[in-house]
Amino acid sequence: MTEPQTQTHPQAESQAGPRTEPRIPTIDLGPWISGDEQTRKDIARTVDDALQTAGFLLVTGHGVDASLRSRIREAARAFFQLPAEVKAAYSAKVGGRGWLGPGAEANGYSEGTETPPDLKESLTFATHRPFEDPVINAEWYAPNVWPAEIPELRALCEEYLDRMGELEKQLLSLLGVALGLEPDFFSRHMDHPTYGFNINWYPGVEVVGEPEPGQFRIGPHTDFGTVTILDRQAGKGGLQVFTDEGGWEDAPFDPAAFTINIGDLMARWTGDRWRSGRHRVLPPPADSPAEELMSLVYFGECTPGTLVESVPAPVGRVAYDAVDSHVYLREKLDSITVD
């Protein structure tokens, strides 16, 4: 299966560039987990090269059942199609747990761009393991809010999040080795993480209306934290990635693969050796206005209080001041909230 050719929405035409795909490699985790030393070195080198350019990878061999992802989408779609007054009972702020309705978020704000709100709705969940500090617990470990109208959603999401936690550990080990550091260089800071999980619904124009100038399903931005694991669907109004060489290009798609990108905190941690992958999701396409897509987005994060210090040269290239991971993340989340 290959991704359909993306058609640029008129308002995005000036930014879109040629309809090509960036050089984003596919990494099979099977040989990484069980391969010989040279195979693992080769994989680590490929990862290092890719994260220095686009900041994205495709990953296969992850062992996450496709049917689980399909069932989550089916259950989430049933929620999103409920009346707005029913969904409103689960309203949350950006970075919280529950429903983010239309107009709640504008990711372009994080780049200092005044854009219309993103054309999406989201269900957001996170870790359910409480923290020992009551102040931190209240801010980052609040209970998940599960829609009573869709009772099957909780078990599906909790199973998925368990699998994402396992996959994140494998990826973080790979990233440590790719930097020439210890396999646990990153993962040792993730013993009690505040991972987040967004189910993003991108309906057609019959739901969101005609896009305004400069309006996207998700506006141009970089992610804020460490590692993002994305299960996406192909579409004309889908994911695009920005590279210096090609500008905005369609992200490659493989239905068997997760799309992986690193965020601002990880880029900072590596002293800008790796780049935080800039991306956007196009608005409903003019030639397929009813197109509906749904993405499952896992945001891997550190344990609160982690001090993120740039890896020194020659691995790192910029020496940033050390930051508290969650002070940094809260500022970023606040920056994209629509008042």
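Read on for a plain summary of the structure. Predicted, not measured: the structure shown is a model, and the values here were computed from it. (Residues numbered from 1 in each chain as written. Predicted model: local features only at pLDDT ≥ 70, side-chain atom pairs only at ≥ 80, totals over all residues. Heavy atoms only, no water.)

### Some remarks on the environment of Thr226
On the secondary structure map, Thr226 appears in the loop between β6 (218–221) and β7 (227–231). Given the relative accessible area of 0%, Thr226 is considered buried. Sequence spacing of Thr226 and Ala54 is 172 residues, and the spatial spacing of their C-alpha atoms is 15 Å. A polar side-chain atom of Thr226 sits 2.3 Å from the main-chain carbonyl oxygen of Gly300. (Helix = DSSP H or I, 4+ residues; strand = E, 2+ residues; numbered from the N terminus. Buried < 20%, exposed > 50% of the residue type's maximum accessible area, 1.4 Å probe, protein only. Polar contact = N/O pair within 3.5 Å; in protein donor to acceptor, adjacent residues only side chain to side chain.)

### Thoughts on the sheet that holds β6
Read from one edge of the open sheet, four strands run β6-β11-β8-β9, paired in antiparallel fashion. Unpaired on one side and paired on the other, β6 and β9 (247–250) mark the two borders of the sheet. Strand-to-strand twist across the sheet, computed as the mean angle between neighbouring axes with direction ignored, equals 25°. (Pairing = 2+ DSSP bridges. Axes fitted to C-alpha atoms, helices over the stretch in contact; angles between N-to-C directions.)

### Things to note about the sheet that holds strand β12 (residues 293–300)
Strand order in the open sheet formed by eight strands is β1-β2-β10-β7-β12-β5-β4-β3, and the pairing between neighbours is mixed. In this open sheet, the two edge strands, each paired with only one partner strand, are β1 (26–28) and β3 (98–100). Here the average twist between neighbouring strands, direction ignored, is 25°. Pairing of strand β4 (residues 121–126) with strand β5 (residues 196–202), which is carried by six bridges, proceeds in the antiparallel orientation. Looking at β5, one finds that Phe125 is bridged to Phe197. On the sheet, helix α4 (residues 66–80) packs against β3, β4, β5, β7, β10 (258–262) and β12 and is oriented at approximately 110° with respect to β12. Strands in contact with helix α7 (residues 152–178) are β1, β2 (56–60), β4, β5, β7, β10 and β12; relative to β7, the strand with the most contacts, it is inclined by about 130°. (Contact = heavy atoms within 4.5 Å.)

### Quick notes on unusual backbone geometry
One can expect most non-glycine residues to show negative phi and most peptide bonds to be in trans. For the bond from Ala313 to Pro314, the omega torsion is 10°, close enough to zero to count as cis. Following the sequence through the fold, Pro314 ends up in the loop between β13 (307–308) and β14 (323–324).

### Digging into the pattern of salt bridges
Summed over all chains, the structure comprises 16 salt bridges. A salt bridge links Arg273 to Asp48, with the nearest nitrogen and oxygen atoms 2.8 Å apart. You can see Arg273 sitting in the loop between α9 (264–269) and β11 (279–281) and its partner Asp48 sitting in helix α3 (residues 37–53), a full 225 residues away along the chain. Overall, the relative accessible area of 16% leaves Arg273 in the buried class. (Salt bridge = Lys/Arg side-chain N within 4 Å of Asp/Glu carboxyl O.)

### Focus: the nonpolar core
Val47, Phe80, Tyr160, Leu175, Ile199, Ile229 and Met266 are the most contacted members of the largest nonpolar core, which totals 61 residues. In terms of residues, this core owes the most to one element, α7, which gives twelve residues. For Val47, the contacting residues outside a window of four places in its chain are Ile27, Leu57, Leu174, Leu175 and Ala178. Residues Ile24, Phe56, Tyr202 and Val297 belong to the second largest nonpolar core, which totals 14 residues. (Core = buried A, V, L, I, M, F, W, Y, C linked by side-chain atoms within 4.5 Å.)

### Let's talk about the packing of aromatic side chains
By the definition in use, this model includes ten aromatic pairs. Ring geometry for Phe185 against Phe186: centres 5.0 Å apart, planes inclined by 85°, an arrangement best described as edge-to-face. For Phe185, a relative accessible area of 15% puts it in the buried group. A relative accessible area of 0% places Phe186 in the buried class. A centroid spacing of 5.3 Å and a plane angle of 65° characterise the contact between Phe242 and Trp248, whose relative ring orientation is edge-to-face. (Phe/Tyr/Trp six-rings, centres within 6.5 Å; stacked < 30°, edge-to-face > 60°.)

### Side note on α7
The terminal C-alpha atoms of α7 lie 39 Å apart, and with 27 residues this matches the ideal 39 Å at 1.5 Å per residue to within 8%. Looking one or two places after α7, you find Gly180, whose phi comes out positive at around 80°. (Expected span 1.5 Å × (residues − 1).)

### What about the pairing of β5?
In the case of a regular strand, side chains alternate between the two sheet surfaces. Most of β5 is tucked away, with seven of its seven residues classed as buried. By the alternation rule, side chains of β5 split into Gly196, Asn198, Asn200 and Tyr202 and Phe197, Ile199 and Trp201, which are all buried. Strand direction decides the pairing type here: β5 and β12, joined by seven bridges, are antiparallel. If you follow Asn198 over to β12, its bridge partner there is Val297.

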